[in-house]
Every structure is written in C-alpha cells, then in structure tokens.
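Below, each chain spelled out in residue letters.
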Amino acid sequence: MSSSRGKSGTCWRAQSRGGLGNPLQALGGESPSPPEPRRPPATAQRTAMESSWLETRWARPLYLAFVFCLALGLLQAIKLYLRRLRLLRDLCRFPAPPIHWFYGHQKLFQDGKMEKFEELVEKYPCAFPCWVGPFQAFFYIYDPDYARIFLGRTDPKSKYPHKFLIPYLGKGLLSLDGPQWFQHRRLLTPGFSVNILKLYVEEMAHSVKTMLGKWEKICSSQDTVVEVYEHISLMTLDILMKCAFSQETNCQISSTHDLYVKTMFEANKITFYRLYSFLHHDDIIFKFSPQGHRLQEMAKILHQYTENLIQDRKKFLKDEKKHGSTQKQKYQDFLDVILSAQAENGNSLSDTDLRSEMNTLMLAGHDTTAGSISWLLYYLALNPEHQERCREEIRGILGDGSSITWDQLGEMSYTTMCIKESLRLAPPVPSISRELSKPITFPDGRSLPAGITVVLNIWGLHHNPAIWENPKVFDPLRFSQENSDQRHPHSFLPFSAGPRNCIGQHFAMIELKVAIALILLHFKVAPDPTRPLVFLHQMVLKAKNGVHLHLKKLP
Ligand code: HEM
C-alpha cells in the first residue's frame, strides 16, 4: 500500500511540476500532436485565480483606504496640535500650576482630594487653567466678581461632564440647554411651589423618624459609633421616593432599593473618573472600555427602575379614571406635576423626556441632600457648643418634636445659620461648568474667547481666604444678618445663582431643617477621632470612608 501510494505521489508531483505532462513523451515516444498546455489541479488553479483576483480587485481600494485613514489621522493630529496651541495662547494670561506636557494637571486632581483646591486658590487669585491631558483645558474660577459675570450669562452647559450624564440620566434639566431647557424648567417649576412643599414636611418628618428608630435600636444600651451617611442616604431616598413618586418603598428597612442607590453611586463615580481621564472623553473609546460597558449596564437598571414607576402611575391614573378614585393620594407629587404638564402641553414632553426628568430629580435631589445633612451633623459633632445652641433653639420651638410644621421651620434662625455655614464649608455640588458661547471679559480686564470650558469652583469660592476670614473654621455667625449684608452676594453659592440656579433649593432647605431638628432632639453626636471625614470631589461631594459619629440617645 505504502509503495503504491509513494509511486502515485511521485507521479502526481512530477505532473504538477509539469516534467512528465505527456505519458508518451515520458516513454520516449514521438508526440503525435503539440503538447497540451499544462493544467494545474483545480484547487491550485483556484488559489492562483483568487490571489490574482484579490490583487487586482482589492489591492487598490485597500491601499486607498489605508492612505485615507492615514490622512485622516494626520488631519486629526494637526487639529489637536492647533487646538493645543490655541488653548496655550488663550490661557497664557492666567498663571497655572506646573503642567506635565501629556497628563496636564490630571494627576493633581485624580485622587479627588479637596485640600488641593485650597492650596491653589491661595496661590492663584481669582482663577487658573487646569489641563486635562495635552489637548483639553478647563478654566477654574472662584472669585465672586468672576462668578457674577459668569452666572449672569446664558452659556450652554459644558460637554464635560454634562454629556457624560446623558447615558444614564437621559436629557433632563441638568443637561438641557436653550428653548428645550426653558420649556422643561417652566413645566417643572410648579412642582416646587410653596403650597406643594408645605405638604412634604410631614412626609419628611416621618422618614427621619424611621431612621431615628433604627438608630435607637443600634444605640439601645450605650453610645455607639455609626456610619451615618448610609442611613441618611437611604432616608433621603425614602423622602424623594415619596415626594417625587408617592412611593412607600420602605427602603430604609428592607434592602430592595439598595441596588438603585448603589447603581447611582457607582454611575457617578465612573462619570467623575471619565471627567479626569481624557482618553475616555472619546465616546467610542469609552464605550468599549470596562467602565463604559459597566455604565451601559447601570443605565439599563436605572431606566428600568424609573420606567416601572412611571408606568405604574399611568396605570393607576387610568384605573382611577375608569373606576373612580378608591385610594386618594395625600398630596400632589413631582410625577403628578409632570404628568399633568404633559397632558396640558400635548406632545411637548415625551415619555422619554418624562423618564429623563424623573431620573434627573432622583440624582439631583438625593445625593446632594444626603451629603448636606451628613456634613452638617459632622460639623456639629466637631463643634459641640453650636450643636447645643441649635438643640436649645429647636426644643424651644418644637418641644418634644411630636409634630413639626412649615411655620416652625421658619423660626429656626440659629440652626439655619449652622446649615449655611456647613453648606459653605462642604458644598454638596463642588463645581459647575459652562462652555462659553461668546467671549467673556472679567472685571480685571482679562478675557477668554468663545469655546473655553469655564468651571465655577464653588468649593474654591467658599474657601477663598480673600472673602472668608479663617475659611476652615466653622463659624455660623458669618451668616448673621449684619455679617451677610457686608458680603459680596456671589460669595456664597451652594445652589448656584441666576436662571439656572437649583430648582430644588427650598425643598433641600426644608429637608435639612426637618432632619437636623429631629436628630438633635433625640441624639447627641460626637466625632470619632480615629476616623476623620475625608472629602472626595466627585459630581457631588462624597466622603471617602463614610461619616463615622458617636451617637448618644438623649433621655
Ligand atoms: C443641598 C442640596 C442641593 C444642592 C447643594 C444643590 C445644588 C445645585 C446646584 C449648584 C445646581 C446648579 C447646577 C449647574 O448649574 O450645573 C443645581 C441644579 C439643579 N438642582 Fe439642585 N441642589 C440640591 C438639591 C436639589 C434637590 C432636592 C433637587 C430636586 C428634588 C434638585 C434639583 C436640581 C435640578 C433639577 C437642577 C438643574 C436646574 C436647571 O438647570 O434648571 N437639587 N443644584
């Protein structure tokens, strides 16, 4: 077998080489006719044909595509280089911290520690440019006169970070601009009127009392150190779920909604990371990165959550219309306000708009208030004399706190000063940004052209030693009437100012007052010296390791 296979193999090879093409020739006989042209076997013939077909058919387009890509890449590189030159020229009048040619100031801010800003604010008065990579720079301002001019204009929100919010929030008030923003703002404003907010006081008090019940159980025998931020965050989520959706989620007791809280938290973290990682500014690079992939998953969770709530309400309203009202809602919530605005204005607010606005309210109204209550408690723990003064004031107004009304909240003047001082020291939204639509000139005559991203660093403004004496000291009397009157109106901007100020600021202030009043009536708070509060600059201010406080139940 093997020899015959060998022979035939030789024969085939010889044939294929063409040496023994004609068997008669091979035997030494005359060839009766001219030798037939050599015919390669079918496969070899096909391969040869394919390669030549490839060569002729594809070589040229491939070559052209390669040249095209190269040209595009080169063009992009030239564009980026020119952009860098332009930025260097535009920003050269403003001194900046030393810049790394590639990373810019990325390393300076990547760890998110706030103390860096304080040093820089002292060293570079009014403003400084902050480079994020070689081709992108943000212009930080923290001077009240700069802020006045900046907030008096109608520049659109900057691409960074607002376009980064869109994948998981949708396009809501925080990221919209122009006529669409104006229309949404007009439709949502009635939801924050005094008459509606008044009805929320009772709901807020109820949620705070649920949290205090948990604390009582934890501290039943002796005073204990508790990480309060997590409790407070669930409490503010509970409040928002009731005021926005009339949802009794019981989220403070059962952990069903933890996924939502965790998802929102992680989504913000990724967005902040993206902000300071210039490679991830590109949508395509980000989309295929692990963080981009995770954000897409999280967006699905958040959208699904809000979508379910909206659909449930629509069904409820439909049933109510059909069968008459069986279980009346206690108050009009944000969803009612937006749904009635949707009904009144025809198609002006689509279902997607609706979902985006609800997501935006959840983001803007939940973390900010959780942070502000936690930081205030922390500062009162560090300053027991102010804590005691607040407690006395609150006892004088509320007695044992069994009920709490809108009018009583207006009487808490010292507590309000402490709230403001805490919002100064730890502004829950540490910075806001816009992209200049036209050139801007600051009061000192220096100017910037259109296209620059300007960041109002609220943290820097609130710690600016040119405005605030001993800026690190907690001193509520800064906000007494006489002291406030002497200050520049744009020195204190926790809720921003101008047409795009915070729509939820009164909501936030009443929530802060209700929470702090009821907490101080029932608990004494003291710091845990082993775990001081470390702030992290993210989309909203965060505590790196949580907020740990000694809680002591009051008799
Ligand atoms: C202490 C708590 C809060 C602080 C410090 C705060 C701060 C701010 C700031 C600084 C802005 C301006 C953002 C910018 O210009 O880019 C803003 C906008 C906004 N806030 Fe608040 N906020 C708080 C609570 C709330 C609450 C409770 C809600 C809603 C329930 C809310 C909803 C919004 C919305 C929707 C916007 C966008 C407004 C617009 O552009 O028209 N905020 N907030």
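Counting restarts for each chain, with residues numbered from 1 along the sequence as it is written. Per-residue local features of the predicted model are confined to residues with pLDDT of at least 70, and side-chain atom pairs are confined, for both listing and counting, to 80 or more; whole-chain, interface and lining totals are unaffected and use all residues. Only hydrogens and water are set aside when side-chain values are computed; all heavy atoms of the structure are taken into account.

1. Here we look at the pattern of salt bridges
Phase 1 of the analysis: The rule for a salt bridge is simple: a side-chain nitrogen of Lys or Arg has to be within 4 Å of a carboxyl oxygen of Asp or Glu. Summed over all chains, the structure comprises 22 salt bridges.
Phase 2 of the analysis: One salt bridge in this structure joins E118 and K472, with 3.2 Å as the shortest N-O distance. Here E118, found in helix α5 (residues 115-123), pairs with K472, found in the loop between α19 (458-462) and α20 (481-485); they are 354 residues apart in sequence, far enough to count as distant.
Phase 3 of the analysis: Between E266 and R294 there is a salt bridge, with its nearest N and O atoms 2.9 Å apart. Here R294 lies in helix α13 (residues 290-323) and E266 lies in helix α11 (residues 258-275), a separation of 28 residues in the sequence.
Phase 4 of the analysis: The cut-offs for exposure are 20% and 50% of the maximum accessible area for each residue type, with area from a 1.4 Å probe on protein chains only; residues under the lower value are buried, those over the upper are exposed, and the others partly exposed. Taking the relative accessible area as the measure of exposure, E266 reaches 29% and is therefore partly exposed.
Phase 5 of the analysis: With relative accessibility at 30%, the residue R294 sits in the partly exposed group.
Phase 6 of the analysis: Through salt bridges with shared partners, a single ionic network connects K163, R274 and D283. The helix count covers DSSP runs of H or I at least four residues long, the strand count covers runs of E at least two residues long, and both are numbered beginning at the N terminus.

2. So, the site of the ligand
Phase 1 of the analysis: We define proximity as follows: a residue is near a molecule or strand when any one of its heavy atoms falls within 4 Å of that partner. Close contacts around the ligand come from 26 residues, with K157, W181, R185, R434 and C502 the closest.
Phase 2 of the analysis: Definition of a polar contact: a pair of N or O atoms within 3.5 Å, with one able to donate and the other able to accept a hydrogen when the atoms are protein atoms, and with sequence-neighbouring residues admitted only if both atoms are side-chain atoms. Here an oxygen atom of the ligand and a side-chain polar atom of W181 are 2.8 Å apart.
Phase 3 of the analysis: Between an oxygen atom of the ligand and a side-chain N or O atom of R500, the distance comes to 3.0 Å.
Phase 4 of the analysis: With 4 residues, helix α15 (residues 351-382) is the largest single contributor of residues to the shell around the ligand.
Phase 5 of the analysis: By the convention adopted, Pro, Cys, Tyr, Trp, Phe, Met, Ile, Leu, Val and Ala count as nonpolar, Lys, Arg, Asp and Glu as charged, and the other residues, Gly among them, as polar. Tallied by class, residues from the shell around the ligand come to 15 nonpolar, 7 polar and 4 charged.

3. Quick word on the coordination of the iron atom of the ligand
Phase 1 of the analysis: Coordinating donors are taken as N, O and S atoms within 2.8 Å of the metal, stretched to 3.2 Å for Na, K and Ca; because water is absent from the atoms, sites can appear incomplete. Protein coordination of the iron atom of the ligand is limited to a single donor, C502 (SG), which sits 2.3 Å from the metal.
Phase 2 of the analysis: Note on placement: C502 falls in the loop between α20 and α21 (505-522).

4. So, the sheet that holds strand β4 (residues 431-435)
Phase 1 of the analysis: What the 4 strands build is an open sheet, ordered β1-β2-β7-β4; its pairing is mixed. Either end of the sheet is taken by a strand with one partner, and the two such strands are β1 (127-131) and β4. Taking the axes of each pair of neighbouring strands and ignoring which way they run, one obtains an average angle of 25 degrees across the sheet.
Phase 2 of the analysis: Of the strand pairs in this sheet, β1 and strand β2 (residues 137-141) are connected by 5 bridges, and their pairing is antiparallel. Looking at β2, one finds that F128 is bridged to Y140. Following DSSP output, two strands are said to pair if at least two bridges run between them. To get an axis, fit a line to the C-alpha atoms, keeping to the stretch in contact for a helix; angles then go from 0 to 180 degrees between the N-to-C directions.

5. What about the layout of surface pockets?
Phase 1 of the analysis: Here the largest pocket defines a volume of roughly 760 Å³.
Phase 2 of the analysis: L80, R83, F135, Q136 and Y160 are the residues nearest the centre of the largest pocket, which is lined by 24 residues in total.
Phase 3 of the analysis: Mapped onto the lining of the largest pocket, the elements with two or more residues apiece are α3 (42-91) and α7 (159-169).
Phase 4 of the analysis: The leading source of residues in the lining of the largest pocket is α3, at 7 residues. Using a grid of 1 Å spacing that covers the protein atoms alone, one calls a set of points a cavity when a 1.4 Å probe fits there but cannot get out, and a pocket when the set is open and has protein on both sides within 12 Å along at least five of seven lines; lining residues are those with an atom within 4 Å of a point. Grid points are joined across faces, edges and corners, and a volume is the space filled by probe spheres set on the points.

6. Considerations on a nonpolar patch on the surface
Phase 1 of the analysis: Taken together, the side chains of L74, I78, Y81, L82, L85 and L88 define a hydrophobic patch exposed on the protein surface, amounting to about 570 Å² of accessible area.
Phase 2 of the analysis: Counting through the fold element by element, L82 comes out in helix α3. A patch consists of residues whose relative accessible area exceeds 30% and which take part in no salt bridge; residues with like charges are grouped when within 9 Å of each other, and nonpolar side chains (Val, Leu, Ile, Met, Phe, Trp, Tyr) when within 5 Å. A 1.4 Å probe and the Shrake-Rupley method give the accessible areas. Residues count as covered only by the protein chains that appear here.

7. Description of the sheet that holds strand β3 (residues 224-227)
Phase 1 of the analysis: Spatial strand order, β3-β11-β8: 3 strands in an open sheet with antiparallel pairing. Since the sheet does not close on itself, it has two edges, and those belong to β3 and β8 (523-527), each with one partner. Adjacent strand axes in the sheet meet at a mean angle of 40 degrees, parallel and antiparallel pairs treated alike.
Phase 2 of the analysis: Relative to strand β11 (residues 548-553), β3 runs antiparallel, the two sharing 4 bridges. Considered in β11, the bridge of V226 is made with L549.
Phase 3 of the analysis: By the convention used here, residues are in contact when the closest approach between their heavy atoms is within 4.5 Å. Helix α9 (residues 194-218) rests against β3, β8 and β11 of the sheet, and its axis sits at about 70 degrees to β8.

8. Quick look at the UniProt feature "transmembrane region" (unreviewed entry) in the chain
Phase 1 of the analysis: UniProt positions are given in the numbering used here, feature names are shortened, and annotations may be inferred rather than shown by experiment. When the UniProt feature table is mapped onto this chain, "transmembrane region" (unreviewed entry) is found at residues 62-82.
Phase 2 of the analysis: Helix makes up 100% of residues 62-82 and strand 0%, with an end-to-end C-alpha separation of 30 Å.

9. Points about helix α8 (residues 178-188)
The α-helix winds at 3.6 residues per turn, so residues separated by three or four positions along the chain end up facing the same way.
Phase 1 of the analysis: All of the buried residues in α8 are W181, H184, R185, L187 and L188. Here the buried residues of α8 occupy an arc of 165 degrees about the axis, which is enough to place them on one side. Exposed positions of α8 whose direction lies more than 90 degrees from the buried face are P179 and F182.
Phase 2 of the analysis: Against the buried residues of α8 lie α14 (334-344) and α15. The directions from the helix axis to the C-beta atoms form the arc being described.

10. Quick word on the packing of aromatic side chains
Two aromatic rings, taken as a pair, are described by how far apart their centres are and by the angle between their planes.
Phase 1 of the analysis: Centres within 6.5 Å make a pair out of two Phe, Tyr or Trp rings, where for Trp the six-membered ring is used; the pair is then stacked when the planes are under 30 degrees apart, edge-to-face when over 60, and tilted otherwise. Applying the stated criterion to the full structure yields 22 aromatic pairs.
Phase 2 of the analysis: Centroid distance W101 to F102: 5.3 Å. Interplanar angle 55 degrees. Geometry classified as tilted.
Phase 3 of the analysis: Between Y379 and F474, the ring centres sit 5.6 Å apart and the planes meet at 15 degrees, which makes this aromatic pair stacked. With a gap of 95 residues between them, Y379 in helix α15 and F474 in the loop between α19 and α20 connect regions that are remote in the sequence. F474 shares its class with Y379; the two are buried.
Phase 4 of the analysis: For the cation-ring pair, R487 lies above F479, with the distance from its terminal atom to the ring centre recorded as 5.1 Å. Two conditions define a charge sitting above a ring: the NZ of Lys or the CZ of Arg must be within 6 Å of the ring centre, and it must be within 35 degrees of the ring normal.

11. Quick word on the pairing of β11
Phase 1 of the analysis: Pairing of β8 with β11, which is carried by 5 bridges, proceeds in the antiparallel orientation. By the bridge assignment, K524 is partnered in β11 with K552.

12. Thoughts on the nonpolar core
Phase 1 of the analysis: Throughout, nonpolar core names a set of buried Ala, Val, Leu, Ile, Met, Phe, Trp, Tyr and Cys residues whose side chains join them through atoms within 4.5 Å. Of all hydrophobic cores here, the largest spans 153 residues; its most connected members are F139, W215, W375, L448 and F507.
Phase 2 of the analysis: The greatest single-element share of this core, amounting to 14 residues, is contributed by α15.
Phase 3 of the analysis: What F139 contacts, discounting residues up to four positions off in sequence, is L91, F94, A127, F128, P129, F442, L448, I452, T453, V454 and V455.

13. Remarks on unusual backbone geometry
Phase 1 of the analysis: Non-glycine residue C126 carries a positive phi angle of around 75 degrees.
Phase 2 of the analysis: Within the chain, N470 stands out as a residue other than glycine whose phi angle is a positive 45 degrees.

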